[in-house]
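# Chain and residue survey
Each chain, letter by letter, is given below.
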Amino acid sequence: MEARVAQSAARLARQENEIKLLTAEIERLKNFGCLGVSPSLEGLRDENAKLKYRLNFLQKSLQEERSKTAKSMININSRLQEIFGAAIQAAYPDLENPPLVVTPSQQPKFGDYQCNSAMGITQILLKTKEQKVSPREIAEKITKNIPANECIEKVEIAGPGFINVHLRKDFVSKQLSSLLINGVQPPAVGKRKKVVVDFSSPNIAKEMHVGHLRSTIIGESMCRLFEFAGYDVLRLNHLGDWGTQFGMLIAHLQDKFPDYLTVSPPIGDLQAFYKESKRRFDTEEEFKKRAYQCVVLLQSKNPDFIKAWELICDVSRKEFQKIYNCLDITLIERGESFYHDMMKDIVKEFEDKGFVQVDDGRKIVFVPGFPVPLTIMKSDGGYTYDTSDLAALKHRLCEEKGDILIYVVDSGQSVHLQTVFAAGQMIGWYDPKVTRVAHAAFGVVLGEDKKKFKTRSGDTVRLIDLLEEGLKRAMDKLKDKERDKVLTEEELKAAQTSVAFGCIKYADLSHNRLNDYVFSFDKMLDDRGNTAAYLLYAFTRIRAIARLANIDEQMLRKAAREEVVILDHEKEWKLGKCILRFPEILQKILEDLLLHTLCDYLYELATTFTEFYDNCYCVEKDRQSGQIVKVNMWRLLLCEATATVMAKGFDILGIKPVQRM
């Protein structure tokens, strides 16, 4: 993120330079008469007007850029990397791409951050220049070349060559004040890139099950993160809404509801309807033949068959939307059917470029490095998932102009997707050095027996049942804590929804998505440890501190502008630094797409706050009367800064906190 702030600063400098040049050019045009030149007066006026317009535009955009940069949170880690990068460059100007390693210190005695580049430089000097220099000597040379800056108080060399960095307290205090005044603002992103995220993607005529939970939750959270960072995000639901299964569904619909064209069929349970049609397809030869005929008529866009297809899709769509509403998910539907008309051109393009081989009537494409070919046309002339995925990839790259494409799809599809991406590169649709195309893979959801999560009867768990069970258990938990006696009915309902859906989301997001995870309501609703229940309770307690001291939002805003955030106590200092690590946490996730890092950070922030609150009085009361004697406003500001960052973290994770719980 800090790199993008640097880019913005460079762009500001370029714009300022252009403004100077344009101003000089306008002055030159004004003085044309004095130079004895007589160009067309009208042309001169036009040129002058254009230059003035350009000047006004640049001045306005410069002002906006400055405003954004001033309000943005600084990524301290990136700022330190810039400083140490400059120091290493000055100390060793001949080194190309020297290692730059800056990390937060794990223990206070080692300072606030550490630069561990000296060891790496030792190895490079030995290999490339055959110079044997100790890491400590290199560390000393780096520290002597650290440029003047606003954030480092002092540096110390420890052990074999670690550079311990101590931050300036006034720098941290100013950053906290800026956060309180401006809110949590992302660093300016430079050119606004477009991100296309493919997630959720259930199949029509089948109910969403626990397997769809991870893609839906992870994808939504990724979209929220990129949107917060200032990207233009397109959220796509790649529904399975096309294919041979619709032949048997339409044939069954015709038999069961022959007047479906005039009377809307009462298909309540689409899952049962699907099972009935599948049983007939597997056991009745005549029905099977008719199902294949229905597919042909559907793909040839016969109006009656399109109407039947739309009816089936609408029933599914309504069921999916119930789940999306519960989980606060926003998507644009763009299923396989959207790409159907593009598939013919996809096949032709691969043929024209000589990539197609014919194998037993099938048209296949071998991609270097992948043993299994893509089948882009079946022997009967039909298309496959490979064809539709290639069509989707091309549309997202060439029509949507996506700079970053993210597919939130289970790990089992990894080889397939990597083959499709490689085929896109091979045919020239994108250059991976310019466009990022990523598979955000995830593991499966396991039951407490460590096997695939199933019902007792062995069926796949329906997602709607899981969400309803979550609501029930959340209410039981709240009643166990007797919250129903202190909250209004409306507050209790809000707390139930917040805890139920927040805990389900957080349990997923707090695990590394690459791993399988065990689904356990008991663990996720536990208000101890790294759970949403613990964080939500912590958040409401933090928000209540100022309220119970009779300090309202307006008073906090005034204090943020006028008070200095004091960081003299070691727990104040620890909390202040932890709050300001938020931008570097987000930057890491933008790079590796691993959202559990944000969950770990929020848990660390909450526990660091608890340490601070236990050791530093925010509100001092008379022990006898309980009356407020003193309000330490700078500490209330630390409470407010903590809550502000937690609220933004919750928002990115798709969790809705409540003021009272």
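Residues numbered from 1 in each chain as written. Predicted model: local features only at pLDDT ≥ 70, side-chain atom pairs only at ≥ 80, totals over all residues. Heavy atoms only, no water.

### Section: the packing of aromatic side chains
- Applying the stated rule across the entire model yields 14 aromatic pairs.
- Considering the side-chain rings of Phe226 and Tyr231, the 5.2 Å spacing of their centres and the 75 degrees angle between planes classify their relative orientation as edge-to-face.
- Assessed through its relative accessible area of 1%, Phe226 is described here as buried.
- With a centroid separation of 5.0 Å and 80 degrees between ring planes, the pair formed by Phe338 and Tyr339 is classed as edge-to-face.
- With relative accessibility at 37%, the residue Phe338 sits in the partly exposed group.
- The side chain of Arg334 reaches across the aromatic face of Phe338, ending 4.8 Å from its centre. (Phe/Tyr/Trp six-rings, centres within 6.5 Å; stacked < 30°, edge-to-face > 60°. Buried < 20%, exposed > 50% of the residue type's maximum accessible area, 1.4 Å probe, protein only. Lys NZ or Arg CZ within 6 Å of the ring centre and 35° of its normal.)

### Brief notes about the pairing of strand S5 (residues 194–198)
- Burial analysis of S5 places 5 of its 5 residues in the buried class, the great majority of the element.
- On S5, burial covers both faces: Lys194, Val196 and Asp198 on one face and Val195 and Val197 on the other are all buried.
- Bridge analysis of S5 against strand S6 (residues 232–237) gives 5 bridges, and the strand direction is parallel. Each residue of the ladder has a partner; that of Val197, found in S6, is Arg235.
- Crossover handedness for the path S5 to helix H7 (residues 210–228) to S6: right-handed.
- Where S5 meets strand S11 (residues 404–407), 4 bridges bridge the pair, whose relative direction is parallel. Counted as the bridge partner of Asp198 is Tyr407 from S11. (Helix = DSSP H or I, 4+ residues; strand = E, 2+ residues; numbered from the N terminus. Pairing = 2+ DSSP bridges. Right-handed = clockwise from strand over helix to strand, strands pointing away.)

### Here we look at the sheet that holds strand S9 (residues 362–365)
- Judged by pairing direction, the sheet is antiparallel, and its 3 strands sit side by side in the order S8-S9-S10 without closing on themselves. Edge strands, defined here as strands with exactly one partner in the open sheet, are strand S8 (356–359) and strand S10 (374–377). Sheet twist, expressed as the mean angle between neighbouring strand axes with direction ignored, is 45 degrees. (Axes fitted to C-alpha atoms, helices over the stretch in contact; angles between N-to-C directions.)

### A look at unusual backbone geometry
- The residue Ala205 is not glycine, and still its phi comes out positive at about 75 degrees.
- Summarising the element assignment, Ala205 is placed in the loop between S5 and H7.

### Brief notes about the packing of helix H16 (residues 489–509) against helix H18 (residues 532–548)
- Their axes nearest at 8 Å, the elements H16 and H18 cross at an angle of 130 degrees. Accordingly, the angle class assigned to the pair H16 and H18 is oblique. In this structure, H16 uses Ser498, Val499, Gly502, Cys503 and Tyr506 to contact H18, whose residues at the interface are Ala532, Ala533, Leu535 and Leu536.
- For the contact of H16 with H18, the per-class residue count stands at 7 nonpolar, 2 polar and no charged. (Parallel < 35°, antiparallel > 145°, perpendicular 65-115°, else oblique. Contact = heavy atoms within 4.5 Å. Nonpolar A, V, L, I, M, F, W, Y, C, P; charged D, E, K, R; others polar.)

### Topic: the confidence of the model for the chain
- On average, residues of the chain score 89 in pLDDT, and 88% of them reach the 70 mark or higher.
- Throughout residues 32–44 the model reports pLDDT below 50, and contacts reaching past four residues in sequence, or to other chains, amount to 5 contacts. (pLDDT = per-residue confidence, 0-100.)

### Describing the sheet that holds strand S1 (residues 102–104)
- A sheet is described by the order of its strands in space; here 4 strands give the open sequence S1-S2-S4-S3, paired in antiparallel fashion. The sheet is open, and its two borders are formed by S1 and strand S3 (152–158), each paired with just one other strand. Adjacent strand axes in the sheet meet at a mean angle of 25 degrees when their direction is disregarded.
- Strand direction decides the pairing type here: S3 and strand S4 (residues 162–167), joined by 6 bridges, are antiparallel. Directly across from Ile152, in S4, lies its bridge partner Leu167.

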